[in-house]
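Below, each chain spelled out in residue letters.
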Amino acid sequence: MMKTQHTPPLVLMLLLSTLSANSSFQPALVLEMAKILLENYCFPENLVGMQEAIQQAINSGEILRISDRKTLAAVLTVGVQGALNDPRLTVSYEPNFIPVMPPILPSLPREQLIRLVRNSVKVDILENNIGYLRMDRIIGEETASKLGSLLTDNIWEKVAHTSSLIFDLRYSTAGQMSGVPFIISYFSDPEPIFHIDTVYDRPSNTTTELWTMPSIKGERYGKEKDVIILISKRTIGAAEAVAYTLKNLKRAITVGERSAGGSVKVRKIRIGGSEFYITVPVARSFSPITGQSWEVSGIPPTVSVIAKEAVPKAKSLLAVRSTIPQVVQSISNIIRKLYAFTDRVPALLQHLQTMDFFFVISEEDLAIRLNQDLQTVSEDPRLIIKYMQDNAAIVEEDPELYKVPEDLELLKALIETTFKIEILQGNTGYLRFDKFVEFSPLIQFEEFFAKKVWEPLKDTSNLIIDLRYNTGGCTTSLALILSYLYDTSQRHHFFTIYDRIQNTTTAHNSYPQITGPSYGSKRGVYVLTSYYTASVGEEFAYLIQSLHRGAVIGEITSGTLMHSQMFQIEGTGLAITVPVINFIDNNGECWLGGGVVPDAIVLAEEGVDHFHEVADFHQGLRSLMEVIGELLEKHYAIHEVALQVSKVLMSKWAEGLYWSVVDFESLASQLTSDLQEASGDHRLHVFHCDVEPETVHDVGKIPTAEEVGYIIDALFKIELLPGNVGYLRFDMMADIEVLKAIGTQLIKLVWSNVVNTDALIIDMRYNTGGYSATIPLLCTYFFDIEPLQHLYTIFDRTTTTMTEVMTLSQVRGQRYGSSKDVYILTSHMTGSAAEVFTRTMKDLNRATIIGEPTIGGSLSSGTYQIGNSTLYASIPNQVVMSAITGKVWSVAGVTPDVEVNAEDALATAIKIVNLRAKVPSIIEGSASLIAANYAFEAIGASVAEKLKGLQANGEYGMVVSKDGLETKLSADLMTLSGDKSLKTTSNTPALPPMDYSPEMFIELIKVSFHTDIFENNIGYLRFDMFGDFEEVKAIAQIIVEHVWNKVVNTNAMIVDLRNNLGGPTTAIAGFCSYFFDADKQIVLDKLYDRSSGTTTELLSLSDLTGTRYGSKKSLIILTSKATAGAAEEFVYIMKRLGRAMIIGETTAGASHPPKTFQVGESDIFLSIPTVHSDTTAGPAWEGAGIAPHIPVPADAALETAKGIFNKHFGEQK
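Residues numbered from 1 in each chain as written. Predicted model: local features only at pLDDT ≥ 70, side-chain atom pairs only at ≥ 80, totals over all residues. Heavy atoms only, no water.

S.K.: How would you summarise the overall build of the chain if you had to cite specific residues and measurements?
M.R.: Along the backbone of the chain there are 34 helices and 50 strands. In the chain, which comprises 1213 residues, the share counted as buried stands at 49%. Of all intrachain contacts in the chain linking residues separated by at least 6 positions in sequence, the fraction that spans at least 24 positions is 77%. Accessible area for the chain stands at about 56,700 Å²; split by element, carbon and sulfur atoms hold 53% of it. The chain carries 102 positive and 139 negative side-chain charges, and their two centres are separated by 7 Å. (Helix = DSSP H or I, 4+ residues; strand = E, 2+ residues; numbered from the N terminus. Buried < 20%, exposed > 50% of the residue type's maximum accessible area, 1.4 Å probe, protein only. Contact = heavy atoms within 4.5 Å. Areas by Shrake-Rupley, 256 points an atom, 1.4 Å probe, with all protein chains shown as cover. Lys, Arg positive; Asp, Glu negative; His and termini not counted. Charge placed at Lys NZ, Arg CZ, Asp CG, Glu CD.)

So this is what it looks like as structure tokens:
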């Protein structure tokens, strides 16, 4: 049943203020209408409060009189539709209305039903084996049942084996919702069934869920073949439910017009005894798939066309979709055969096979979907699928264009026309060529090339290579040209080409010998580019950057180079561009094409002019690098690091890594990155500033008397929190002289309000630093007068002095002292002096730090101009060393004791304060419980006393969580007592007893016990937990029948307790008794209970279920370090009485089952052993364990036991 939802009352005052009736018409009509809605409208939650609103309107006289009844009906319709936002609600005046009840289909004779179905359904098979099914009525479940196999044989079986289906619901205007599950099931798999719709019927107030069917008559169409559903503005009711469900299940594509937006069920109801009628939707649909409904709004088609064109559109759509498998296969074949990234091929092929093409309705859609997915999976923008509407021919560049003639004179002419050489002002060489020709292997060619090109350029200071008009050419010429730009004394690797088609990898290196002069690697090379620079021209520009041989100036290149081939997908308008070559630079990175971004971006026509600016900048770069090195060596706090960083910078400059730096802004960025990487110090940075930056003066401005109050209000915030906890926030470490000047007022207005609190929270989350001289003063307040506390040591590189910073001997006002808790809140903004204060307090264990790691700022940094440039370096000139370890503090910032988001830090601190306030009573309560209840009285008293001593010594002063408290308390109790059973525990309530059937008990016993019979009739019994006596007693007969009887008649027995963790000890006496005779009662153990102060004898039992094993047959017990608790008690008894040989490892040294005690009113619970075994005959096993007679590793114990028994019985034979 559907639950009624309560929403704000419906206000019909607006509706009723427009109503009227003449003197012969009573307002009762409106009340009757409201009653009908309340009882029948399928959204009852929208009607809450309606009757009261109507009655109020009537009583107020707001209903006007309208003489014309049709007008009244129209006004009522507008009002009710507007108020409920439901256009299906209509009021009509029909004095001659004769209700016509539509025939109930299941009640019709079978012959009439058959005729009706045949008139409502049309089936056809179209070209290309496309099924066509038109259904003008959705047949309900009851009708279908009456028709038997007729529907299956004459409709569904006829289309079952078609390749695809057009399901035409354009004219479907009737039907029953009960028929929807069958249709959805026909297009689905049998399993799993799933929920497809929920229908709520208001008059009966019932909810019906519609699910797919696990079995249907006939063969299913399944969910793999394409289904197109045709809809129109006439499609209504159950047909909409079918279309909506299949569309949103992504099982069918809808084509046509938006459907009618009808209803599950609509009734026309007479209003009282009048001649007015109201049409009301009495049931509603709710889709669990979308959480919405098709009612009112209708179903928007996937492909929108007018209804009469839907069939041709569906055919064309199916034609497109029918090509998808072939397209996917063709693309897969091309990628498998040609794609250059062979390691990515399997993932691409796998993805192609699993792609979802449901939304593909055209070749354009298919291309877009394939392109997006393949680029995402491959991470390669060169792999492209596109739709070529005009199927234009794919034109490939003719490589013959770049081949050179073999005739020497023609070669010379080609070089003359291809290469343009000039010497520009400033002794700058200029080389322009607009294509990369394929160089001839002829020696004469290279000689002429060297003479024509490189001889004029050999003595220039810098070289411009102009590629602004270079549209490509031959890649093989790159290595030769690059070889002239390097020294010939060593070999250089330029790039590698992997050709997938040829399956070859070719490394392109510098030529071992070149004809003519080498330009060398020291002078500057500047490549000019434009938007027209393409193909091999782009490769050259890219290599100049990746090889760090020069700078690129100009515009971003064309980005047309993809190292790819394009293939048309046969029979479609699709084409695939697949990379067949990987261009791998000297760093092993594969260039994925795209335009080359210049180091200096300017308009192409401004390239030569801008070159002069960049070249002049590069000219002074070395001297700037040397100045930076000198500044570091002179000022950086750690001299050894400064020397190393200076060497790294000069090495990078020499390797050409600064050619890409073309102005002061980019130089500042590159230097900062390199300095921080080489030093590991993020505080080192270089910045560009056109004006000299201001320096922080050592002495702050002393405020006037009028300014003191403002400064205190601005810098400090105090609050007294519940529990007498102080809160102090200040966002700047003020200058010491300023603090001295305002000291009296500061003590009075701030410090005096928090100094007498029981704990103090200092909020440094927004404190970015300030003056470091303030730190000792602030720290002093949190330590005692004597002795002075060493806070930290500062080494100042500028003065080469080492200064120990101590607390002050005298301060104004009262000290907070060293005993009360202090908490400091931090964030990623906390830096500089605030950070040093925080680290000092943490280092000395004087405060608990809560929040985020701090910024890692510098205590002191100097700002130095780099030469005469507009660059400045910020260099930390001090290091701080710990007063505890003497080691330099890390520059990475302070890691909090409790790391939380900054906004949660205060709340976390308050929780910790509250917890620590409870700790003394928790420790005192724990000590009292242990002293009063621990099984060994003397040990309990000692543990209690020592535990209180730990608390008094502040051992629990830094606890930050309940878990941390429990962990520490458990560890301390174990250390003090040596008893691992004395610990904190959770107060988990015992599970209620299970009501097992005898069959269940048998199965449980089979799992819990393991038995076997070894050679020489040696019994083996293993169980891993002792049970409670009362529980075991109830099932003793079952245990005897299914376990004990299997081993009781053996010649000897091995009891395996290596994995037995203990359990209750109440069954120990009974189990022991099976290994002794019945004629004599034996004292197994004496148990001392500390809580009651009594000693109880544990005696063997005279009455047992089943046969005893007796005292004559040999018994071996296997143990391990895991054997604990009740299992140890059994081992202890059997060993002490000489009844068994123990083989294995010393047991765990646990205890008798401990009791759980609550510590006072807290949520801390202790597990305390209260019982111990008799110690008169020797030391207790509790806490120490039981040593075996024959010590062997646990995994060897069984074989050792079997060997002993086999030898014994073998000697008897």
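S.K.: Now, about the sheet that holds strand 22 (residues 564–568): what can you tell me, with residues and values included?
M.R.: Read from one edge of the open sheet, three strands run 14-23-22, paired in antiparallel fashion. Edge positions in the open sheet fall to strand 14 (384–387) and strand 22, since each of these has one partner strand only. Adjacent strand axes in the sheet meet at a mean angle of 20°, parallel and antiparallel pairs treated alike. The strands touched by helix 11 (residues 324–338) within the sheet are strand 14, strand 22 and strand 23 (574–579), with strand 23 carrying the most contacts at an inclination of about 20°. Contacts from helix 13 (residues 363–378) reach strand 14 and strand 23, with the element oriented near 170° to strand 14. (Pairing = 2+ DSSP bridges. Axes fitted to C-alpha atoms, helices over the stretch in contact; angles between N-to-C directions.)

S.K.: Quick one: what's the story with the packing of aromatic side chains, residue by residue and with numbers?
M.R.: Taken as a whole, this structure holds 48 aromatic pairs when the rule is applied. Look at phenylalanine 716 and phenylalanine 730: their rings are 5.7 Å apart centre to centre, the planes differ by 40°, and that puts the pair in the tilted class. With a gap of 14 residues between them, phenylalanine 716 in strand 28 (residues 716–721) and phenylalanine 730 in strand 29 (residues 725–730) connect regions that are remote in the sequence. According to the relative accessible area criterion, phenylalanine 716 is buried, its value standing at 15%. By relative accessible area, which is 5% here, phenylalanine 730 ends up buried. Ring pairing ties together the aromatic residues Phe1009, Phe1023, Phe1026, Trp1044, Phe1071, Tyr1074, Phe1075, Tyr1109 and Phe1130, which thus form one cluster. Across from the ring centre of tyrosine 1109, 3.9 Å away, lies the NZ or CZ of lysine 1113, which sits over that ring. The lysine or arginine in question, lysine 1202, covers the ring of phenylalanine 1014, its NZ or CZ lying 4.4 Å from the ring centre. (Phe/Tyr/Trp six-rings, centres within 6.5 Å; stacked < 30°, edge-to-face > 60°. Lys NZ or Arg CZ within 6 Å of the ring centre and 35° of its normal.)

S.K.: Report on the side chain of serine 981, specifying residues and quantitative values.
M.R.: Mapped onto the fold, serine 981 is located in the loop between helix 28 (962–977) and strand 39 (983–985). Classification of serine 981 by relative accessible area gives buried; the value is 11%. In contact with serine 981, not counting residues within four places along its chain, are Ala1150, Ser1151, Ser1167 and Pro1169.

S.K.: Could you give an account of a negative patch on the surface, with specific residues and numbers?
M.R.: On the surface, Glu605, Glu606, Asp609, Glu613 and Asp616 cluster together into a patch of negative charge. Mapped onto the fold, glutamate 606 is located in the loop between strand 26 (600–601) and helix 18 (607–619). (Patch = residues over 30% accessible without salt bridge, like charges linked within 9 Å, V, L, I, M, F, W, Y side chains within 5 Å. Salt bridge = Lys/Arg side-chain N within 4 Å of Asp/Glu carboxyl O.)

S.K.: Please give an account of the environment of threonine 1146 that cites residues and values.
M.R.: Summarising the element assignment, threonine 1146 is placed in the loop between strand 46 (1141–1144) and strand 47 (1155–1158). Threonine 1146 sits 209 residues away from glutamate 937 along the chain, and the two C-alpha atoms are 25 Å apart. Excluding anything up to four places from it in sequence, threonine 1146 contacts Ser1120, Lys1121, Ala1184, Gly1185, Ile1186, Ala1187 and Pro1188.

S.K.: Report on unusual backbone geometry, specifying residues and quantitative values.
M.R.: For the bond from glutamate 191 to proline 192, the omega torsion is -5°, close enough to zero to count as cis. Checked against the element boundaries, proline 192 lands in the loop between helix 8 (180–186) and strand 7 (195–201). Of note, the bond from glutamate 786 into proline 787 is cis; its omega dihedral lies within 30 degrees of zero at -10°. Take proline 787: it is sitting in the loop between helix 24 (774–780) and strand 31 (790–796). Positioned with a positive phi, glutamate 379 is a non-glycine residue whose angle comes to about 55°. Considering the arrangement of structural elements, one finds glutamate 379 in the loop between helix 13 and strand 14. On the basis of relative accessibility, which here comes to 61%, the residue glutamate 379 falls in the exposed class. The backbone of histidine 548 sits at a positive phi, close to 55°, despite the residue not being glycine. The topology assignment puts histidine 548 in the loop between helix 17 (536–546) and strand 21 (551–554). Judged by its relative accessible area of 31%, histidine 548 falls in the partly exposed class.

S.K.: Requested: an account of a nonpolar patch on the surface, with residues and values cited.
M.R.: A surface patch of nonpolar side chains, about 270 Å² in accessible area, is lined by Ile556, Val597 and Ile601. Here isoleucine 601 shows up in strand 26.

S.K.: With reference to specific residues and values, describe the sheet that holds strand 9 (residues 227–231).
M.R.: Read from one edge of the open sheet, six strands run 2-3-5-9-10-13, paired in mixed fashion. Unpaired on one side and paired on the other, strand 2 (121–126) and strand 13 (303–304) mark the two borders of the sheet. Bridge count between strand 3 (residues 130–135) and strand 5 (residues 164–168): five bridges; the pairing is parallel. By the bridge assignment, leucine 133 is partnered in strand 5 with phenylalanine 167. Running at roughly 30° to strand 2, helix 7 (residues 150–159) makes contact with strand 2, strand 3 and strand 5 of the sheet.

S.K.: So what about helix 31 (residues 1036–1047)? Which residues, and what values?
M.R.: Along its twelve residues, helix 31 runs 15 Å from first to last C-alpha, staying within 8% of the 16 Å computed at 1.5 Å per residue. For helix 31, every residue scored as buried is listed here: Ala1036, Ile1038, Ile1039, Val1040, Val1043, Trp1044 and Val1047. (Expected span 1.5 Å × (residues − 1).)

S.K.: Tell me about the pattern of salt bridges, and name the residues and values.
M.R.: One pass over the structure, following the stated rule, counts 33 salt bridges. Between arginine 765 and aspartate 763 there is a salt bridge, with its nearest N and O atoms 2.7 Å apart. Exposure class is identical for arginine 765 and aspartate 763. Each is buried. In this structure, the salt-bridge partner of lysine 968 is aspartate 972, at a minimum N-O distance of 3.3 Å. Placement of the pair is lysine 968 and aspartate 972 together in helix 28, with a separation of four residues, close to one helical turn.

S.K.: Give a detailed account of the packing of helix 26 (residues 905–933) against helix 27 (residues 937–952), specifying residues and quantitative values.
M.R.: Between helix 26 and helix 27, the least distance of the axes is 7 Å, while the angle of their chain directions is 170°. As judged from the angle between their axes, helix 26 and helix 27 are roughly antiparallel. Side by side, helix 26 and helix 27 meet where Val919, Pro920, Ile923, Glu924, Ser926, Ala927, Ile930 and Ala931 of the first sit next to Gly940, Ala941, Val943, Ala944, Leu947, Lys948 and Gln951 of the second. Residues of the contact of helix 26 with helix 27, tallied by class, amount to ten nonpolar, three polar and two charged. (Parallel < 35°, antiparallel > 145°, perpendicular 65-115°, else oblique. Nonpolar A, V, L, I, M, F, W, Y, C, P; charged D, E, K, R; others polar.)

In short, geometric facts, not functional conclusions.
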